[in-house]
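For reference, the chains in residue letters:
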Amino acid sequence: MTDATTVQRPAVRGLEWQKMVAGAPYDAGDPELRAAREQCRALLGELNRERTDAPGWDERLTRLLGGRAERCFITPPFFCDYGANIFVGQNFYANFNCTILDVCEVHIGDNVLLAPGVQIYTATHPVAVAPRVAGVEFGKPVRIGNNVWIGGSVVICPGVTIGDNSLIGAGSVVTRDIPAGVVAVGNPCRVLRPMTAEELAAGEPG
């Protein structure tokens with residue numbers, strides 16, 4: 001068995017990987033994609049099993065993510081499809097049981113907080129029955145701006161962008177873009193109110 005900590009990502013990705021991250025229909029059963037998911041699961045197993053202060057834990061987290069700035073911490077357990085398509089900014093924190101389905105890229109800005117149970121989905125399937133049953137899959141990227149706080153058990157659906165400084169209330173299902181500088185809640189998630197000048201004082205309004 002290959003040690004997950006020694007596996008290197010290929011310098012050149014195959015056609016199905018390229019189609020997947022571009023948001024085009026792709027074959028999830030492609031051997032390269034299956035191997036990448038298994039490699040990710042092996043690394044996640046180590047990260048979720050060990051103490052976060054264990055030697056090499058932080059290095060494994062860095063290797064898992066496609067891009068990681070300083071002061072990034074994830075409390076296990078954490079789950080994702082590939083890891084390579086997740087890019088996080090400085091001072092990022094994800095609490096217990098965060099799940100990111102990263103068939104497309106997920107970009108998360110600086111100073112972002114994810115409460116327990118947050119789920120970020122880029123993966124989706126056709127609405128039409130025939131291609132869905134045939135196994136057609138595709139994805140839509142997700143972007144979260146700077147200084148965003150995502151409440152507990154929030155679901156962020158494929159293709160969503162959340163603007164800088166906004167707050168998403170616990171239990172929300174975010175199906176559409178959320179502008180900068182607002183408090184938004186609900187299922188489907190809607191803007192409740194703009195943030196006040198005092199609330200925005202520590203950040204840069206979008």
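Residues numbered from 1 in each chain as written. Predicted model: local features only at pLDDT ≥ 70, side-chain atom pairs only at ≥ 80, totals over all residues. Heavy atoms only, no water.

**Q** Describe the pairing of strand E18 (residues 182-185), with residues and values.
**A** As judged from the two bridges shared by strand E16 (residues 167-168) and E18, these two strands associate in the parallel manner. For Ile-168, the partnering residue across the bridge sits in E18 and is Ala-184. Sheet topology note: the E18/strand E19 (residues 190-194) ladder contains four bridges and is antiparallel. The partner of Ala-184 across the bridge, within E19, is Val-191. Between E18 and E19, which follow one another and run antiparallel, lie four residues, and Gly-186 among them has a positive phi close to 110°. (Pairing = 2+ DSSP bridges. Helix = DSSP H or I, 4+ residues; strand = E, 2+ residues; numbered from the N terminus.)

**Q** Can you lay out the pairing of strand E6 (residues 98-101) for me, pointing to particular residues and giving the numbers?
**A** Across three bridges, strand E3 (residues 78-80) lies against E6 in parallel orientation. Looking at the pairing, Phe-78 lines up with Cys-98 of E6. Here E6 pairs with strand E9 (residues 119-121) via three bridges, running parallel. Along E9, the bridge assignment pairs Thr-99 with Gln-119.

**Q** Which residues make up the nonpolar core, and what are the values?
**A** Counting residues in hydrophobic clusters, the biggest one holds 38 residues, and the most contacted among them are Leu-64, Ile-120 and Ile-156. For this core, the leading source of residues is helix H2 (residues 31-49), giving four residues. One finds Trp-17, Met-20, Leu-33 and Ala-36 within the second-largest nonpolar core, a separate group that totals nine residues. (Core = buried A, V, L, I, M, F, W, Y, C linked by side-chain atoms within 4.5 Å. Buried < 20%, exposed > 50% of the residue type's maximum accessible area, 1.4 Å probe, protein only.)

**Q** Give me the lowdown on the packing of aromatic side chains, citing residues and values where you can.
**A** Under the criterion given, the structure shown has three aromatic pairs. Between Trp-57 and Phe-73 the ring centres are 5.7 Å apart and the planes differ by 35°, which places this aromatic pair in the tilted class. Pair noted here: Trp-57 is in helix H3 (residues 57-64) and Phe-73 is in strand E2 (residues 72-74), with a separation of 16 residues, a long-range link. Cation over ring: Arg-13 sits above Trp-17, and NZ or CZ is 3.7 Å from the ring centre. (Phe/Tyr/Trp six-rings, centres within 6.5 Å; stacked < 30°, edge-to-face > 60°. Lys NZ or Arg CZ within 6 Å of the ring centre and 35° of its normal.)

**Q** Could you give me a rundown of the sheet that holds strand E14 (residues 155-156), with the residues and numbers involved?
**A** With respect to topology, five strands assemble into an open sheet ordered E3-E6-E9-E14-E17, the strand pairing being parallel. At either margin of the open sheet sits one strand with a lone partner, and together these are E3 and strand E17 (173-174).

**Q** I'd love a proper account of the sheet that holds strand E12 (residues 142-144), names of residues and values included.
**A** Reading across from one edge, E1-E4-E7-E12-E15 is the order of the five strands in this open sheet, with parallel pairing throughout. The open sheet terminates on both sides in strands that have one partner only, identified here as strand E1 (67-68) and strand E15 (161-162). For strand E4 (residues 86-88) and strand E7 (residues 106-108), the ladder comprises three bridges, and the chain directions are parallel. Across the sheet, residue Val-88 finds its bridge partner in E7, namely Ile-108.

**Q** Outline the environment of Cys-72, listing residues and values.
**A** With respect to the element layout, Cys-72 can be found in strand E2. Using a relative accessible area of 4% as the deciding quantity, one classes Cys-72 as buried. For the pair Cys-72 and Gly-89, spaced 17 residues apart in sequence, the C-alpha separation works out to 7.6 Å. Those residues in contact with Cys-72 that lie beyond four places of it in its chain are Leu-61, Leu-65, Val-88 and Phe-92. (Contact = heavy atoms within 4.5 Å.)

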